[in-house]
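Next come the chains, spelled out residue by residue.
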Amino acid sequence: MGMYSETTWRSEAGQLTRLAGPLIINNLAIASMAFADAVMAGSLGARELAAVAVGGSFWFIGFSLCLGVLMAISPIVARHFGARDYDLIGRYTRQGIYLAIMMGVPVTLFWQFAPAPLLDAVGIDLDFRDLTAGYVSAISYGAVGIFVFLALRFTTEGAGNTRPIMYTSLFALICNVFLNYVLMFGKFGAPAMGAVGCGYASAITMWLVMLTLLLHVMTGKRYKAFHIFGRVAPLRWSVFKEIVFLGVPIAITITAEAGLFAAVSILMGTRGTEITAAHQIAINFASTAFMVPLALSSAITVRVGQLIGSGNLRTARLNGIVGITMCGAIMTLSALFLLVFRDAVVGLYTDDAAVTGIAISLLLMAAVFQVADGVQVGAAGALRGYKDTGVPMAINIVAFWMLAFPLAYLAAITYQLPPNYVWAGFVVGLSVAAVLLTWRYFRLSRVQP
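Parameters at a glance
- Residues numbered from 1 in each chain as written.
- Predicted model: local features only at pLDDT ≥ 70, side-chain atom pairs only at ≥ 80, totals over all residues.
- Heavy atoms only, no water.
- Helix = DSSP H or I, 4+ residues; strand = E, 2+ residues; numbered from the N terminus.
- Rg over C-alpha atoms; globule rule 2.2 N^0.38 Å.
- Buried < 20%, exposed > 50% of the residue type's maximum accessible area, 1.4 Å probe, protein only.
- Contact = heavy atoms within 4.5 Å.
- Lys, Arg positive; Asp, Glu negative; His and termini not counted.
- Charge placed at Lys NZ, Arg CZ, Asp CG, Glu CD.
- Phe/Tyr/Trp six-rings, centres within 6.5 Å; stacked < 30°, edge-to-face > 60°.
- Axes fitted to C-alpha atoms, helices over the stretch in contact; angles between N-to-C directions.
- Parallel < 35°, antiparallel > 145°, perpendicular 65-115°, else oblique.
- Left-handed = near helix turned anticlockwise from the far one by under 90°.
- Nonpolar A, V, L, I, M, F, W, Y, C, P; charged D, E, K, R; others polar.
- Expected span 1.5 Å × (residues − 1).
- Bend = angle between axes of the 7 residues up to and from the residue.
- Patch = residues over 30% accessible without salt bridge, like charges linked within 9 Å, V, L, I, M, F, W, Y side chains within 5 Å.
- Areas by Shrake-Rupley, 256 points an atom, 1.4 Å probe, with all protein chains shown as cover.
- Salt bridge = Lys/Arg side-chain N within 4 Å of Asp/Glu carboxyl O.
- Polar contact = N/O pair within 3.5 Å; in protein donor to acceptor, adjacent residues only side chain to side chain.
- Core = buried A, V, L, I, M, F, W, Y, C linked by side-chain atoms within 4.5 Å.

This paragraph deals with the overall build of the protein chain. Each helix and strand in the protein chain was counted, giving 16 helices and 0 strands. Against the compact-globule benchmark of 22 Å for 449 residues, the protein chain has a radius of gyration of 21 Å, which places it among compact chains. For the C-alpha atoms alone, the extent of the protein chain along its principal axes is close to 60 × 50 × 35 Å. A burial count over the protein chain gives 58% of its 449 residues as buried. Nonlocal contacts in the protein chain, meaning residues at least 24 apart in sequence, comprise 85% of its contacts between residues at least 6 apart. Here the protein chain carries 27 positive and 19 negative side-chain charges, and the mean point of each set is 17 Å from the other.

Okay, structure coming up:
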């Protein structure tokens, strides 16, 4: 990489930091909502905490599939923004909103009928099975709202305007915590619904945050050139298909990873309340740390896409390399933090001695896999900027479902090993994904004309 000067490296790092800063706050706000859900549910007891943990895992598998499809809007808009094709941005946004509604309605309907038989089939502990079903049914009412929000979010993100995303997420955090307080604990005359109230609080927040961003896009001067709402347009199948064909591999890619973590949470749910609660604590903190490189990954996608759209391929390649390096460095610091302060971290969630001991052992495993997690998500974001989604999809399927999940299943179900052995699957899967995705990026960016 000697062809790039130190000044160029610093310039691209600065560009990424400016783009990613609001997205980092956005992601940390989202993680804070999950943290608040876990802490507030934990204050009601291990059953409520386990129900929110397992229910959230079931909900997130479907959510991540739809999220991935809509993520295609970001690199598409970034390319058109870099090429100054502003009218096309409005066209893709409108089709993205239609797609969001078309996905949201069946997701809501599915979770009204599926939770109980699905939880029964998987074998979730009877101690908190009904609570889990109620939570998933309640949160699914927010599906349409959050998917329309995502379509608007990826438009603003692709255009390089990330501050509104930050403000809406902070607003969502305030709403979510307040509504949790009201609906979980029965304040201001509301019934005390516990874990189910947590689901309703999240659903209401999803609609509120969508309406907030919609109002901003409709009235903001920066969006007038896009003519997003200037006309009522029918479905354009060519545009619609481009979003879907680019987005489906992204959806499978991120669901392969997110689904692995959710599936392991479900496996833990068969091992009893204490192990399930400890797993939720450890995975919640690891997920919070992951929000920073995840935001950088989105910024890398936008920056690389805009540079390719403007014809600056050399700087686009450098930006991806800088971003991958930054993601790995951030997660190295997170791993060191866990090694030093893991006892204090667990103490924020619970004072149950049995749960604490298990959670501490899991956080040690988290410290091991975090660096690989940062590198792989950075490489995935860089590849999305090149609209390369098929090969990353295959890599993630192999790493997470042909390697990591079988190892986790054998440890959790077949041999009933301690929970930290189950988490060894994460270490293997993330390490393989990091190596292969990084290799793919260097190879692809080098051969671009």
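Moving on, we come to the packing of aromatic side chains. Summed over the entire model, instances satisfying the criterion amount to 21 aromatic pairs. Arranged with centres 6.5 Å apart and planes meeting at 70°, the rings of Tyr181 and Phe188 form a pair that is edge-to-face. Of the residues examined, Phe188 reaches a relative accessible area of 69% and is grouped as exposed. The structure contains a cluster of three or more aromatic residues connected by ring pairs, namely Trp59, Phe60, Phe63 and Phe147.

Remark: helix α2 (residues 46-71) packs on helix α9 (residues 194-219), axes separated minimally by 9 Å, with the N-to-C direction vectors making an angle of 40°. Between α2 and α9, the interaxial angle falls into the category oblique. The crossing of α2 and α9 is right-handed. Of the residues in α9, those in contact with Glu48, Ala51, Val52 and Trp59 of α2 are Gly194, Ala195, Cys198 and Met206. Class assignment of the residues belonging to the contact of α2 with α9 gives a composition of 6 nonpolar, 1 polar and 1 charged.

Counted at 1.5 Å a residue, the expected span for α2 with its 26 residues is 38 Å, and the 35 Å between its end C-alpha atoms agrees. Phe60 marks the point of greatest bend in α2, at about 30°. The buried count for α2 comes to 20 of 26 residues, which makes it a mostly enclosed element.

Together, Leu333, Leu336, Phe337, Leu339, Val340, Phe341 and Leu364 make up an exposed nonpolar region whose accessible area comes to about 670 Å². Here the nonpolar patch takes 6 residues from helix α12 (residues 313-347), the largest share from any one element. By the element assignment, Leu364 lies in helix α13 (residues 353-385). For Leu364, a relative accessible area of 34% translates into the label partly exposed.

Below, the discussion takes up the side chain of Thr93. Within the secondary structure layout, Thr93 lies in helix α4 (residues 86-113). The class for Thr93 is buried, based on a relative accessible area of 0%. Here Ile89 takes part through its backbone oxygen, which lies 2.8 Å from a polar atom of the side chain of Thr93. Dropping the residues within four chain positions of it, Thr93 is found in contact with Leu152, Thr155 and Ile228.

With that out of the way, let us pick up the nonpolar core. Across soluble globular proteins, nonpolar side chains have a tendency to be buried as a group. In this structure, Val264, Phe369, Trp423 and Phe426 are the most contacted members of the largest nonpolar core, which totals 70 residues. The set of elements that each furnish at least two residues to this core consists of α1 (6-42), α10 (237-268), α11 (273-309), α12, α13, α14 (390-414) and α16 (424-447). Apart from the residues lying within four places of it in its own chain, the contact partners of Val264 are His279, Ala408, Val422, Trp423 and Phe426. Residues Ala36, Phe58, Tyr92 and Trp111 belong to the second largest nonpolar core, which totals 68 residues.

Within the secondary structure layout, Asp373 lies in helix α13. In this structure, Asp373 is buried with no salt-bridge partner, the nearest side chain bearing the opposite charge being Arg384 at 11 Å. Asp373 has contacts with Glu257, Phe290 and Leu430, leaving out every residue within four places of it along the chain.

Looking now at the packing of α10 against α14. Two elements in contact, α10 and α14, have axes whose closest approach is 8 Å; the angle formed by their N-to-C orientations is 10°. Considering the angle they form, α10 stands roughly parallel to α14. Here the residues of the contact of α10 with α14 sort into 18 nonpolar, 5 polar and 1 charged.

Glancing now at the environment of Ala100. By secondary structure assignment, the location of Ala100 is in helix α4. With 52 residues separating them in the primary sequence, Ala100 and Leu152 have C-alpha atoms 9.9 Å apart. Once residues within four sequence positions are removed from consideration, Ala100 is found in contact with Leu70, Phe147 and Val148.

So, on to the pattern of salt bridges. Applying the stated criterion across every chain yields a total of 4 salt bridges. Its salt-bridge partner being Arg303, residue Glu12 comes within 3.1 Å of it at the nearest N-O pair. Taken as a pair, Glu12 in helix α1 and Arg303 in helix α11 lie far apart in primary sequence, 291 residues in all. By relative accessible area, which is 14% here, Arg303 ends up buried. Between Arg153 and Glu157 there is a salt bridge, with the nearest N and O atoms lying 2.9 Å from each other. Taken together, the residues Arg153 and Glu157, both in helix α7 (residues 143-158) and 4 residues apart, mark about one turn of the helix. Neither residue differs from the other here; Arg153 and Glu157 are each classed as buried.

Attention now goes to unusual backbone geometry. At Phe188, a position not held by glycine, the phi torsion is positive, near 55°. Looking at the secondary structure, you find Phe188 in the loop between α8 (163-185) and α9. If you check the backbone angles, Gln416 has positive phi at about 50° while not being a glycine. Within the secondary structure, Gln416 is located in the loop between α14 and α15 (419-422).

Fair warning: the whole summary comes from geometry, so function is off the table for now.
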